[in-house]
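# Observations on the model geometry
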Amino acid sequence: MFLDISEVAQRSGMAASTLRYYEKRGLIEALARKGIRRQFEASVLDRLSIIRLAQTAGFSLDEIQEMLPGTGPIDLSRDKLRGRADEIDAQIAELTRLSALLRHIAKCSAPHHSTCPKFRKLLDDPKQAVDDA
């Protein structure tokens, strides 16, 4: 069963122009045409979900294209996925530290932030543990 491009767009939440662009890049493949309208296998929806997930995780379309074979079953690089997960974990740790610092600054009772010893300590040692904030 084939899905018309408009149905794929509706089900995936992606614009038809995005689907055409992904097809041009080789990320997805239209298998037939009904008149001038592209027709896709239903499995394209899984592929589009993976593309969306990979983009959300910070992979570029070039990286996604390298990880996704043109046809056949999807078999993503586990090493690349683990590496990106490690990068996300590092970002989470940094953002958590930043959030704690901002919360401390917001509630600090010192007359001026520059006179707050804890604030000064965090500025001097940006890698300091969040617990100290």
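Residues numbered from 1 in each chain as written. Predicted model: local features only at pLDDT ≥ 70, side-chain atom pairs only at ≥ 80, totals over all residues. Heavy atoms only, no water.

## Comments concerning the sheet that holds strand β1 (residues 2–4)
Pairing is antiparallel in the open sheet, where 3 strands are placed in the order β1-β3-β2. Each of the sheet's edge strands pairs with one partner strand only, and the pair in question is β1 and β2 (32–34). Neighbour-to-neighbour, the strand axes of this sheet turn through a mean angle of 40 degrees, independent of strand direction. As judged from the 3 bridges shared by β2 and strand β3 (residues 37–41), these two strands associate in the antiparallel manner. (Pairing = 2+ DSSP bridges. Helix = DSSP H or I, 4+ residues; strand = E, 2+ residues; numbered from the N terminus. Axes fitted to C-alpha atoms, helices over the stretch in contact; angles between N-to-C directions.)

## Thoughts on the nonpolar core
Nonpolar side chains tend toward joint burial in soluble globular proteins. One finds V8, L19, Y22, I28, L48, I51 and I64 to be the most contacted residues of the largest nonpolar core, which totals 22 residues. Those elements giving two or more residues to this core turn out to be α1 (5–12), α2 (16–25), α3 (44–56) and α4 (61–67). Broken down by element, the residue count for this core peaks at 5 residues, all from α3. Among all residues touching L48, those that are not within four sequence positions of it are V8, S12, M14, L19, Y22 and I28. (Core = buried A, V, L, I, M, F, W, Y, C linked by side-chain atoms within 4.5 Å. Buried < 20%, exposed > 50% of the residue type's maximum accessible area, 1.4 Å probe, protein only. Contact = heavy atoms within 4.5 Å.)

## Topic: the side chain of R38
With respect to the element layout, R38 can be found in strand β3. Only 2.3 Å separates the side chain of R38 from the side chain of E23, close enough to count as a polar contact. Excluding residues within four positions of it along the chain, R38 makes contact with L3, D4, I5, R20, E23, A30, A32 and R33. (Polar contact = N/O pair within 3.5 Å; in protein donor to acceptor, adjacent residues only side chain to side chain.)

## Considerations on the packing of helix α5 (residues 78–107) against helix α6 (residues 117–124)
Between α5 and α6, the shortest axis-to-axis distance is 10 Å and the interhelical angle comes to 155 degrees. Judged by the angle between their axes, α5 and α6 are roughly antiparallel. For the element pair α5 and α6, the recorded crossing hand is left-handed. Counted together, L101, H104 and I105 of α5 and K118, F119 and L122 of α6 form the full contact between these two elements. Grouping the amino acids of the contact of α5 with α6 by side-chain chemistry returns 4 nonpolar, 1 polar and 1 charged. (Parallel < 35°, antiparallel > 145°, perpendicular 65-115°, else oblique. Left-handed = near helix turned anticlockwise from the far one by under 90°. Nonpolar A, V, L, I, M, F, W, Y, C, P; charged D, E, K, R; others polar.)

## Focus on the packing of aromatic side chains
Under the definition given, this model contains 1 aromatic pair. A centroid spacing of 6.5 Å and a plane angle of 50 degrees characterise the contact between Y21 and Y22, whose relative ring orientation is tilted. By relative accessible area, which is 5% here, Y22 ends up buried. (Phe/Tyr/Trp six-rings, centres within 6.5 Å; stacked < 30°, edge-to-face > 60°.)

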